[in-house]
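Structure assessment
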Protein chains: 2
Amino acid sequence: MAKSNHSVLIFALGGVGEIGKNMYVVQSGDDIVVIDAGLKFPEEEMLGIDMVIPDITYLEENRDKVRGIIITHGHEDHIGGLSYVLKHLKVPVYATKLTLGLIDAKLKEAGILNETKRVLINSDSEVVLGSMKATFFRVNHSIPDCVGVCLETPEGYVVHTGDFKFDQTPINNQTADLAKMAMIGDRGVLCLLSDSTNAERPGFTGSERSVGAAIKDVFSKATGRIVVSTFASNVHRIQQVVDAAVQFNRKLTVVGRSMQNVINISRELGYLFVPEGLIVESDEINKLPAEQVVILSTGSQGEPMSALTRMARSAHRKIDILPGDTVIIAATPIPGNEKYVARTIDQLSRIGAEVIYGGHGPNGTVHVSGHGSQEELRLMLNLMKPKYFIPIHGEYRMLKMHSLLAEQVGIPEENIFLLDNGDTVEISGGRARYGPKVHAGNVLIDGLGVGDVGNIVLRDRKLLSQDGILVVVVTLSKQNGTILSGPDIISRGFVYVRESEELLDEANRIVTQTLVKCMEENVNEWSSLKNNVKESLGRYLFEQTRRRPMILPIIMEV
Amino acid sequence: MAKSNHSVLIFALGGVGEIGKNMYVVQSGDDIVVIDAGLKFPEEEMLGIDMVIPDITYLEENRDKVRGIIITHGHEDHIGGLSYVLKHLKVPVYATKLTLGLIDAKLKEAGILNETKRVLINSDSEVVLGSMKATFFRVNHSIPDCVGVCLETPEGYVVHTGDFKFDQTPINNQTADLAKMAMIGDRGVLCLLSDSTNAERPGFTGSERSVGAAIKDVFSKATGRIVVSTFASNVHRIQQVVDAAVQFNRKLTVVGRSMQNVINISRELGYLFVPEGLIVESDEINKLPAEQVVILSTGSQGEPMSALTRMARSAHRKIDILPGDTVIIAATPIPGNEKYVARTIDQLSRIGAEVIYGGHGPNGTVHVSGHGSQEELRLMLNLMKPKYFIPIHGEYRMLKMHSLLAEQVGIPEENIFLLDNGDTVEISGGRARYGPKVHAGNVLIDGLGVGDVGNIVLRDRKLLSQDGILVVVVTLSKQNGTILSGPDIISRGFVYVRESEELLDEANRIVTQTLVKCMEENVNEWSSLKNNVKESLGRYLFEQTRRRPMILPIIMEV
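Just so you know, these numbers come straight off a predicted model, no measurement behind them.

**Structural notes on the sheet that holds strand E20 (residues 431–434) of chain B**
Residue and element names in this part refer to chain B.
- The strand order E7-E6-E5-E3-E2-E1-E19-E20 describes an open sheet built from 8 strands, whose pairing is mixed. Only two strands of the sheet have a single partner each, and these edge strands are strand E7 (118–120) and E20. Adjacent strand axes in the sheet meet at a mean angle of 20 degrees, parallel and antiparallel pairs treated alike.
- Across 3 bridges, strand E6 (residues 93–95) lies against E7 in parallel orientation. What sits directly across from Val93, in E7, is Arg118.
- Against the sheet, helix H4 (residues 97–109) contacts E6 and E7, and its axis sits at roughly 160 degrees relative to E7.

**Comments concerning the sheet that holds strand E10 (residues 146–153) of chain A**
All names here are of chain A.
- Taken in spatial order, the 6 strands make up an open sheet running E8-E9-E10-E11-E12-E18, and their pairing is mixed. For this open sheet the edge positions go to strand E8 (126–129) and strand E18 (386–392), each flanked by a neighbour on one side alone. The average undirected angle you get between the axes of adjacent strands in this sheet is 20 degrees.
- Strand direction decides the pairing type here: strand E9 (residues 132–139) and E10, joined by 7 bridges, are antiparallel. Paired with Phe137 across the bridge in E10 is Gly148.
- Helix-sheet contacts for helix H13 (residues 396–408) involve strand E12 (189–195) and E18, and the interaxial angle to E18 is about 160 degrees.

**A word on the interface of chain A and chain B**
- Contact with chain A, which involves 66 residues of that partner, is made by 66 residues of chain B.
- Carbon and sulfur atoms make up 55% of the surface buried where chain A meets chain B, a total of about 5,700 Å² over both sides.
- Interface area lost by chain A to chain B is led by A:Arg350, A:Tyr396 and A:Met556, which between them contribute 10%.
- At the junction of chain A and chain B, the tally comes to 12 salt bridges.
- At the boundary of chain A and chain B, one finds 20 residue pairs in polar contact (both at pLDDT 80 or more).
- Contributions of two or more residues to the side of chain A that touches chain B are made by helix H11 (338–351), H13, helix H14 (455–467), strand E23 (469–476), strand E24 (483–492), helix H16 (526–545) and strand E25 (550–557) of chain A.
- Among the elements that take part in the side of chain A that touches chain B, H11(A) stands out by supplying 9 residues, more than any other.
- Of the residues belonging to the side of chain A that touches chain B, the class tally is 26 nonpolar, 16 polar and 24 charged.

**Quick notes on the packing of helix H5 (residues 178–187) of chain A against helix H12 (residues 374–384) of chain A**
All names here are of chain A.
- In contact at an axis separation of 6 Å, H5 and H12 are set at 55 degrees when each is read in the N-to-C sense. Taken as axis vectors, H5 and H12 run oblique relative to one another. In this structure, H5 contributes Leu178, Met181, Ala182, Ile184 and Gly185 to the contact, and H12 contributes Met380, Leu383 and Met384.
- The class makeup of the residues in the contact of H5 with H12 is 7 nonpolar, 1 polar and no charged.

**Quick look at the relation of the copies chain A and chain B**
- After a rotation of 180 degrees and a shift along the axis of 0.1 Å, chain A superposes on chain B with an RMSD of 0.1 Å. Viewed as a symmetry operation, the transformation between the two copies matches a two-fold axis. When C-alpha positions in chain A are compared against the rotation axis, the closest is assigned to A:Ser465, at 2.4 Å.
- Taken as a fraction of all interface residues of chain A, those also at the interface in chain B reach 100%, which identifies the copy contact as same-surface.

**Focus: the pairing of E18(A)**
Residue and element names in this part refer to chain A.
- Among the 7 residues that make up E18, 6 are buried, leaving the element largely enclosed by the rest of the structure.
- Note that E12 and E18 share 6 bridges and pair parallel. Each residue of the ladder has a partner; that of Leu192, found in E18, is Phe389.

**Overview of the UniProt feature "domain: Metallo-beta-lactamase" (unreviewed entry) in chain A**
- If you check UniProt for "domain: Metallo-beta-lactamase" (unreviewed entry), the listed places come out as residues 20–215 of chain A in our numbering.
- Counting secondary structure, residues 20–215 of chain A comes out at 24% helix and 30% strand; the distance between its end C-alpha atoms is 29 Å.

**Topic: unusual backbone geometry**
Residues and elements named next belong to chain A.
- Residues Gly486 and Pro487 are joined by a peptide bond in cis, for which omega reads 0 degrees.
- By secondary structure assignment, the location of Pro487 is in strand E24.
- Backbone geometry at Asp145 places phi at a positive 65 degrees, although glycine is not the residue there.
- Of note, Asp145 is situated in the loop between E9 and E10.

**Focus on the pattern of salt bridges**
- Across all of its chains, the model carries 58 salt bridges over all chains by this definition.
- The residue A:Arg237 makes a salt bridge to A:Glu208 at a minimum N-O spacing of 2.5 Å. Taken together, the residues A:Arg237 in helix H7 (residues 235–247) and A:Glu208 in helix H6 (residues 208–221) connect sequence positions 29 residues apart.
- The salt bridge partner of A:Asp346 is B:Arg397, with a shortest N-O separation of 2.8 Å. Of this pair, A:Asp346 sits in helix H11 while B:Arg397 sits in helix H13 (residues 396–408), each in a different chain. As far as burial versus exposure is concerned, A:Asp346 and B:Arg397 are alike and both buried.

**Let's talk about H13(B)**
- The terminal C-alpha atoms of H13(B) lie 18 Å apart, and with 13 residues this matches the ideal 18 Å at 1.5 Å per residue to within 8%.
- Inspection of H13(B) places B:Tyr396, B:Arg397, B:Met398, B:Leu399, B:His402, B:Ser403, B:Leu405 and B:Ala406 among the buried residues, and these make up the whole buried set.
- Looking at the packing, one finds that the buried side of H13(B) touches H11 and strand E17 (354–357) of chain A together with strand E12 (189–195), helix H12 (374–384) and strand E18 (386–392) of chain B.
- One or two steps after H13(B), the chain reaches B:Gly410, where phi turns positive at roughly 105 degrees.

**As for the side chain of B:Ser477**
Residue and element names in this part refer to chain B.
- Mapped onto the elements of the fold, Ser477 is located in the loop between strand E23 (469–476) and strand E24 (483–492).
- Assessed through its relative accessible area of 5%, Ser477 is described here as buried.
- Reaching out from Ser477, the side chain makes a polar contact with the backbone nitrogen of Gln479 at a distance of 3.1 Å.
- In this structure Ser477 touches Thr482, Leu484, Glu557 and Val558, once residues within four positions along its chain are discounted.

**Some thoughts on the UniProt feature "binding site: Zn(2+) 2" (unreviewed entry) in chain A**
Residues and elements named next belong to chain A.
- Within this numbering scheme, the UniProt entry marks His78 as carrying the feature "binding site: Zn(2+) 2" (unreviewed entry).
- Assignment of secondary structure puts His78 in helix H2 (residues 76–79).
- Here His78 falls in the buried class, since its relative accessible area comes to 0%.
- Look past the residues within four positions of His78 in its chain and what remains in contact with it is Asn22, Asp36, Ala37, Gly38, Ile71, Thr72, His73, Asp163 and His393.
- A polar atom in the side chain of His78 sits 2.7 Å from the side chain of Asp36.

Procedures and definitions
- Residues numbered from 1 in each chain as written.
- Chains lettered and ligands numbered in written order.
- Predicted model: local features only at pLDDT ≥ 70, side-chain atom pairs only at ≥ 80, totals over all residues.
- Heavy atoms only, no water.
- Pairing = 2+ DSSP bridges.
- Helix = DSSP H or I, 4+ residues; strand = E, 2+ residues; numbered from the N terminus.
- Axes fitted to C-alpha atoms, helices over the stretch in contact; angles between N-to-C directions.
- Contact = heavy atoms within 4.5 Å.
- Buried area = accessible area lost by both parts, 1.4 Å probe.
- Salt bridge = Lys/Arg side-chain N within 4 Å of Asp/Glu carboxyl O.
- Polar contact = N/O pair within 3.5 Å; in protein donor to acceptor, adjacent residues only side chain to side chain.
- Nonpolar A, V, L, I, M, F, W, Y, C, P; charged D, E, K, R; others polar.
- Parallel < 35°, antiparallel > 145°, perpendicular 65-115°, else oblique.
- Least-squares fit on C-alpha atoms with pLDDT ≥ 70 in both.
- Buried < 20%, exposed > 50% of the residue type's maximum accessible area, 1.4 Å probe, protein only.
- UniProt positions renumbered as here; feature names shortened; annotations may be inferred.
- Expected span 1.5 Å × (residues − 1).

Structure below.
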């Protein structure tokens, strides 16, 4: 695709029209800069799929132009796809210290740590990427060391906010860099890409510090053990739990591998401060009196295999939840997880624990979002004062609402672009319009397989999950096509065999009848035989059961 | 189970520890009264299941004692299982006029209308049921004609609230019968069973009338067509939509079979008042100017096959959603449905409709719950002043919270019973304690099959849905066990075959090798052969793919 040297192309390969698998691209002439490389958790229909990453065919076809990948922060929906991308694209990765620490762990696991060029940046860095230059500015989010990106291009400045909120009393005392943002806005922003996650929420998102107060309030009242469950990556939240443990003379044990990893990396890099001797092993914790115990655990989303969920089911190797425990679920359910979280809360309540969750804290809430609400989104728009606006990081209705906010602060409707993955905005001679579409899509990862599970496989899994399968096997004579053995019918996931003998006997008879009829009518071709069997058997089963199991006729010849 | 003639047994066969499939039982000596017979929608793991109803083995074993089934109101989670129950238990059904109208439609569909004794009751009725006598009191809910039940037993009065809220400005001007409730409470209530659905919500649930105001506000501003989606059974909500259509000179069309059914029955029985000529067919509506159109539709929960969802996907036969339409989703997602509703909202937004949903109305909310919040639950407790309390109609944490509310109004903890389905409360000589457990459980309905899909079938469907299935067929010689044909490997839902030839070729080789080895070692028994194949093939596939498809070895002999 030939590009005028004086035009800039902006698009998403993931992250618009969805929450997850963020990957944004800014192309200026023969230079491409990628921002973020995340994963998305599978939709409900993606049976058996582990994760979804962006289809990077466009980048592979233009690999000579890709100058680097900038990562705004260390959340999975921004770094989770990086290892896969780097196996196909050998380009430098730019990230802040904590982000790089989390990235390195992933690259090491994927066996590509040594062959990847990783460049440490901070909010004062300047990075030259072909004809573009990147600078950064600090933002607040639910993980430390997050930045937004300001890309200088021949057409003007393109700004990407990263994920952000404005926390005026942040835990690490590092507010968002308002002065720098204002300066960038004053200098002139050609196009802004901004985080739309909470665009539907009025007001401001609360400060992380308020959660600390609520947590301490719970600690002050709890007489037994305290269990706190939160997102493993929320280092500020973990810091406040640590501080509360210290204040109330409790020891702390950490449960859940992802939580342990984040804590280790954060402590090592200086983002989390834990006094020596505070953290003890689970075995030690089990020997302490209840009022001296804090258990910090994963599982705030009710994930079936996570620590808290297993503890709630009494299925954790080392720790049980006991009557009298206080459990703080310092998170709210990500859309789609509401029933899992509700189930975990139920199980914990049944055991006799007191469960504090969501907005149910006695003194304020035990969780705040990491994303800015409407007032903060309007604040960002007014700081940046962009000519053009592309809402990102959100499902359609969030992008739509964000575009309305932009109109409210004075950006003309025709200067706002609502994109799907693969839609582009082309800016040339200072004017922006929709450009040509580029290839974009989902790559499904199942076990070790990347991209080999497509629609056909998913469709089959869906069918199998609904009414199961009937395998019909028959051995025919090569010479004259007579039935030598069978038909044998084996079912899985269809009916309880022991109670359905009549049904399956009759099914068997129908198959035999169909095959005999085919032979009499000289229908010998296997695909016709199979289709006839599928049809007659399927019809019978539906009449009898109103179910449509997959029917798999298999013919052996001897 | 022998019961003292002077003891009363109270328990649930469905509805506690869950939302759905309500069925409560009060047994006094040789008399059993059943309250409600609902269905529950399947959990996510119940693959391919259509609905779940209570296991009524206990009632079948005591069929001579069952005097009747009282139905408190016409919602599916209270009447949805009735047809199935009545096929096994021929007992009279007692219900109010609208409830009976909805029940009759179901009985007719099940072909048992004429053989069922149906008794019309109202809030002044008295019904003798063996040694018990039932009276009723009016409550408010999200469907008209709801009652609570007061059962006089030899031990005292047992009160069941039905589903309720206290709406002080109800649409039909029929407030809950506060005076009667107060009188019942004054006379003395032995045990109260009360609706726990909103026990976690502080304050009062809003009045239905406020929704009407919000709807009229939207109508006053909309310039194009208006689409309103709500629960088909919410007759009061439908009335307010009708009233708004009248006020703003719009015609109304109804889309969705369940909505049409409820409207027909409600109009016929005098519960819904619609001026002649207001409702028109969809074809007519399509000819009218946009500002004269209201479309009332099902699909407020994003149900895949419902009218609104199909309209959003441009898949409805008669009606499309158009840019400029205003869509009011006058409902909130039932827990578990959040993603479906979000998806529908996204699709509607993409089409260019303005979508008003949940708490996002410009002037107040376009939906209120039908269940009372904490202040109303405490009000009910204080009206009834029961000696003993059993929270019902809720998941565990809701029952738990309701029990805390009861303690707050002065009911001693030891007089409050938190039950699971099948747990009983036995009251004898005026004293209540936990009684013996009775059999309770889920009966799964899939297509026409009732109860034949059990754990094994569900487990198999789950396995199949994750990684699919590999069928391995081989024909052996009867005489010497040599391979005459095969092995043939057919996979479904595992890998995309065209891209996995190497994998499947090697799989084939491994199976052959395993069979040959078995023969050399004189392993002839089929189950051993199959297990060896499963093991060696399963190990290979997992090493290569990290997936565990179901492996189905089939041996034919000729």
